[in-house]
Amino acid sequence: LEKELLSYRELASETRDGHHVALRGNVELPDEIPLVLAQGAEGIGLFRSEFLFLNRRIPPGEQEQFEVYKDILEKMAPNPVTIRTLDVGGDKFVPEINLADEANPAMGLRAIRFSLKERRLFHIQLRAILRASAFGPARIMFPMISGVAELRACRECLEKARAELAAEGVAFAAELPVGIMIETPSAALVADMLAQEADFFSIGTNDLIQYCLAVDRGNEHVAYLYEPMHPGILRALRMICQAARDKGIPVAMCGEMAGDPLYLLVLLGLGIDELSMNAPGIPRVKRVLRQVTREDGEQLLARLSSLPTAQDVSRLLEEEMGKRF
Ligand code: PEP
Ligand code: MG
């Protein structure tokens, strides 16, 4: 099977009925790029920029960040790279820049909340991303958005950085798609409103499941409750994808669920356009993708949607996938 999987590198990532789903890589550090390229990824769907901030006393400056982003964009061209702005806090502990101890860090000052508070750091990162966008098809993505007001605040910051660079005569791409992670319950509930103002969605199932089910993603005592196939999660995913489809924006998924072939038919049924995962998972997902049709996914999703427990959903899903693969 390993040898067979290698052969998938060159094959199109599409279903048997010709429906294309972009398979992209999740990247934490620039030295993972060769692996991503070797697996035949169609670009990077999630560059977790917080890893540039780890293990150092002073955060990386604009020039240093610019060089890293530019390098990644050039290596991945002509495929796109989605750069996610800093996501610290919660389970992502960066000792140097965590402001204070919090009793409930997952619900505290993390991700975009931190960036919107520490405007100086945010501004530097936005300038670096904009400057890099002159060198390849970049996309920017904001983490942990909980509603439209936050997205607007982010866009304002981006405009400010743009205006400043323009005044300085520094080059940046005319078009930079602005996307958001959908990973809080409120973002799922107002997905229709967010879809009106975002250029794309990327569903972060790691956090979405944690927050929807109120189950700490890293807590072993409640790990048994961390159920990706909980009917509540399926409903949230449907809402998000429906909203994106109604407004005509693409919807990606970059949480762990995206890289597990078990869920592929479900994601196909939901109409997800792009799956971003740890690079070694790409051939496995592509192998399954090429054997199914979108209609298979829609039919299976319809059957799963009426089941009342995660156990029921998982049992039917495993049975169906087991029959096929
Ligand atoms: C997620 O929450 O699913 C996600 C992709 O982001 P992270 O795991 O970095 O929080
Ligand atoms: Mg997340």
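By the naming in an unreviewed UniProt entry, the protein is Phosphoenolpyruvate-protein phosphotransferase, taken from Desulfuromonas versatilis. Quoted verbatim from the Sequence similarities (unreviewed entry) field of UniProt, the annotation for the protein is "Belongs to the PEP-utilizing enzyme family."

Okay, the packing of helix α13 (residues 294-304) against helix α14 (residues 310-324) next. Close contact between α13 and α14 brings their axes to 10 Å; oriented N to C, the two are set at 150°. In terms of orientation, α13 and α14 fall into the roughly antiparallel class. Where α13 crosses over α14, the handedness of that crossing is right-handed. Along the contact surface, α13 presents Leu300, Arg303 and Leu304, while α14 presents Val313, Leu316, Leu317 and Glu320. Classifying every residue of the contact of α13 with α14 by side-chain character gives five nonpolar, no polar and two charged.

Moving on: the packing of helix α9 (residues 205-213) against helix α10 (residues 231-247). At a closest axis distance of 10 Å, the pairing of α9 and α10 adopts a crossing angle of 120°. Considering the angle they form, α9 stands oblique to α10. Here α9 runs over α10; the crossing is right-handed. Contacts between α9 and α10 involve Leu208, Ile209, Cys212 and Leu213 from the first element and Gly232, Ile233 and Ala236 from the second. Of the residues belonging to the contact of α9 with α10, the class tally is six nonpolar, one polar and no charged.

Lining the immediate surroundings of ligand 1 are Leu46, Arg48, Asp87, Glu183, Gly204, Thr205, Asn206, Asp207, Cys254 and Gly255. At the level of secondary structure, the elements contributing two or more residues to the shell around ligand 1 comprise β2 (44-48) and α9. Considering each element in turn, the shell around ligand 1 owes the most residues, three residues, to α9. Along the lines of polarity and charge, the residues of the shell around ligand 1 split into two nonpolar, four polar and four charged.

About the cut-offs
Residues numbered from 1 in each chain as written. Chains lettered and ligands numbered in written order. Predicted model: local features only at pLDDT ≥ 70, side-chain atom pairs only at ≥ 80, totals over all residues. UniProt positions renumbered as here; feature names shortened; annotations may be inferred. Axes fitted to C-alpha atoms, helices over the stretch in contact; angles between N-to-C directions. Helix = DSSP H or I, 4+ residues; strand = E, 2+ residues; numbered from the N terminus. Parallel < 35°, antiparallel > 145°, perpendicular 65-115°, else oblique. Left-handed = near helix turned anticlockwise from the far one by under 90°. Contact = placed C-beta atoms within 7 Å. Nonpolar A, V, L, I, M, F, W, Y, C, P; charged D, E, K, R; others polar. Near = placed C-beta within 6 Å.

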